[in-house]
Each structure stands twice: as structure tokens, then as C-alpha cells.
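# Commentary on secondary and tertiary structure
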Amino acid sequence: YAAKTSGDTCRRHTAELDDTADEQARLGAELRTALDTGQFRMVYQPIVELPHGRLRAVEALVRWDHPERGLISPDRFIPAAEHNGLIIELGEWILRTACAQAVEWQADWGPRAPERTSVNVSARQLAQPGFAALVERVLDETGMPVGRLTVEVTETAVFGGGQALQTLNDLHDLGVRIALDDFGTGHSSLGLLQTVPVDVLKVDKSFVDNITMAGRHAVIATALIRVSEGLGLTAVAEGVETAEQAAELYRLGYQLAQGYHFGRPVAEPDFAAEVVVATP
Ligand code: C2E
Ligand code: MG
Ligand code: MG
Ligand code: MG
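Predicted model only: the values in this text are computed from it and were never measured.

Parameters at a glance
Residues numbered from 1 in each chain as written. Chains lettered and ligands numbered in written order. Predicted model: local features only at pLDDT ≥ 70, side-chain atom pairs only at ≥ 80, totals over all residues. Heavy atoms only, no water. Donors = N, O, S within 2.8 Å, 3.2 Å for Na, K, Ca; no water. Buried < 20%, exposed > 50% of the residue type's maximum accessible area, 1.4 Å probe, protein only. Helix = DSSP H or I, 4+ residues; strand = E, 2+ residues; numbered from the N terminus. Contact = heavy atoms within 4.5 Å. Near = heavy atom within 4 Å. Polar contact = N/O pair within 3.5 Å; in protein donor to acceptor, adjacent residues only side chain to side chain. Areas by Shrake-Rupley, 256 points an atom, 1.4 Å probe, with all protein chains shown as cover. Salt bridge = Lys/Arg side-chain N within 4 Å of Asp/Glu carboxyl O.

## Some thoughts on the coordination of the magnesium ion (ligand 3)
Within the protein, the magnesium ion (ligand 3) binds to Asp181 (OD), Asp182 (OD), Glu238 (OE) and Glu238 (OE); these donor distances fall in the range 2.0 to 2.6 Å. Of note, the magnesium ion (ligand 3) draws all its donor residues from one chain, in the sequence arrangement D-D-x55-E. The distance between the magnesium ion (ligand 3) and the magnesium ion (ligand 2) comes to 3.9 Å, with Asp181 serving as a donor to both metals. Overall, Asp182 belongs to the partly exposed group, its relative accessible area being 28%.

See below:
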């Protein structure tokens, strides 16, 4: 019986992988049309100051508004776009749209607008020669001040080869802030801090979950805020879902947080109406 169960599990696992691969191929094939017909949307999630929740920054996140399938999560189509290379074009659209939006908020809301905008950049974009020059051009064309842009990269992207490390140095020299996303979940998180120009550590949600129950998560979250302080970096706690987590993070020394407790990612004009106007 045990053997049969494990066989079933294995078969189911393989079927799921096939499904994923099929889906990737299907979505990948539709990406071109999606780009050409404007099916992508940006949503914006607040990054706030603890403990009161004052709006400080915003993370731009992409959505695919598919005509038949509805909203598709980036976890499902970014890998496909990476695979077929369309992430280069999609990534440029994302950067341009997020910067243009930031400039518009700045014009409309002045000091109440988010000070900084984070844009996620994937491995293939970072590995691309000329990516820093592209960023410079987009900043120029949208009128976005360089110091207001933060580029979020994962450890995997940093090690993605090509020009990745050079690009990060070039971006940093331009004055763009570099954030390490999902920090602590990759293979060489701490080692990376010695070689990569980093300004912000985004402490992964997995260390925030269960932080209120004394245990491993709290110990790691504490260690990461100490590392961040010691190196003069800014730490942002990701995936904060409850008031208790927010209070505990504040007690540990975290000054910035992001998560459903403070605000879900929303499209404009909801962001201006719900977040800019409503947050203290
Ligand atoms: P990420 O950059 O780590 O973004 C944070 C993800 O966590 C977002 O998912 C956000 O909606 C979600 N999140 C925020 N607060 C909470 C919370 O309190 N609880 C929970 N359960 N989740 C929370 P999303 O938008 O689905 O994006 C998933 C990932 O896809 C992102 O992770 C990022 O790696 C990638 N991604 C999203 N937008 C872009 C983009 O424009 N370009 C690229 N290259 N990648 C993107
Ligand atoms: Mg991110
Ligand atoms: Mg993250
Ligand atoms: Mg993530």
C-alpha cells in the first residue's frame, strides 16, 4: 500500500510538472499578442513606515489581464517571458509605466506621493548588456529622478551570469538603489552582501510568518535586521499580514514593512484614492 501511494504521488507530481510546462508554452506563445494589444497592467503596493503605517514607497507589480482567462499572476507568466526572451520588451514597458506613474503621482500629490518606486527586474534583463543605459534612457524620457528608483533583484538574478554584476554596479553608480528581493531564501544571501552594491534588504515573507511565535523565524528576522543595520542598509519586511507581526517587527528594529496588513497591490486610480489619501 505504501509503495502504491508513493507511486501515485510520483505520477501526480509528474502530471503537475507537465501541466506547468504546457501552461508555460501556451502562455509563452500568447505573450507577443498580449504585449501588442496592451493586456498588461501595473498594480502598486505600499511600503510603509512602522509602526504607524505612513506611506514611504511603492512596489510596482505586473498583472496580465488575459481576455479569456482573466488576471494571471506574474509567477505564472514571468518564467515564460524569461524563457522566450519577451521579458526584455515586457520589462521595458514595466519600467517605463512605473516611472511615468511615479512622476504623475509626484506632480499630483507632491510630498504625499511615495518617495520611491521599486521595480522588479528579472535575471535575463539584468544579464543583458546595455540594461543600465536603458534605465538611464527611461528615467530621462519619463522625467523620473534617479534617486527615486529602486531596482529589485533576487539572488538568482545576480548570479544569472552575463553582465549582471556589472549592470548592478553601473545602476548603482547612476544613483539607482538596489534591493535584494526575497532576501535569505537564496543560496548565498550573506556572501552576496560582500560583492554586490546593495542598498535595501527585502526580508522574505517566510521569516515574517510566525514571527510572533518565539522560534526560528523570529531569530532569523532579528539576525537580518542586525546585519542590515551593521552594513548601513535599509531593511523592508515583506508579507506582513497582521498587526501582531507589524508590532513584533517594530520591536525588533524594523522601520519599513510591506504586506496585506498595510495594503494589497492595487491599480491606479485606486492607489491614489485608497493609499495616498488614506494612509496617515
Ligand atoms: P516579489 O517581488 O517578492 O513581490 C511580492 C509578492 O508578494 C507580490 O506577488 C505581492 O502581491 C505579494 N504580497 C505582498 N504582500 C503580501 C502578503 O502580505 N501576503 C502574501 N501572501 N503575499 C503578499 P505578485 O504580485 O504575485 O508577484 C510575485 C512575484 O512575481 C514577485 O515577487 C516578483 O518576483 C515577480 N514579479 C511581479 N511583478 C514583476 C515585474 O513587474 N517584473 C518582474 N521581472 N517580476 C515581477
Ligand atoms: Mg519585489
Ligand atoms: Mg519579494
Ligand atoms: Mg517574492
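## Some points on the side chain of Ser228
Here Ser228 lies in helix 10 (residues 216–230). With residues near it in sequence (within four places) discarded, Ser228 still touches Leu201, Leu233, Thr234 and Ala235.

## Remarks on the site of ligand 1
Near ligand 1, the surroundings consist of 22 residues, among which Arg63, Asn120, Asp181, Glu241 and Tyr260 are the closest. A distance of 3.4 Å separates an oxygen atom of ligand 1 from a polar atom in the side chain of Glu238. For ligand 1, whose accessible area on its own is 790 Å², the fraction buried by protein is 83%. Contributing elements (two or more residues each) for the shell around ligand 1: strand 2 (54–66), helix 2 (74–84) and strand 6 (177–183). With 4 residues, the single largest contributor to the shell around ligand 1 is strand 2.

## Some points on the pattern of salt bridges
In this structure the tally under the stated criterion is 15 salt bridges. Each of Glu49, Arg54, Arg56 and Glu115 takes part in a single network of salt bridges with overlapping partners.

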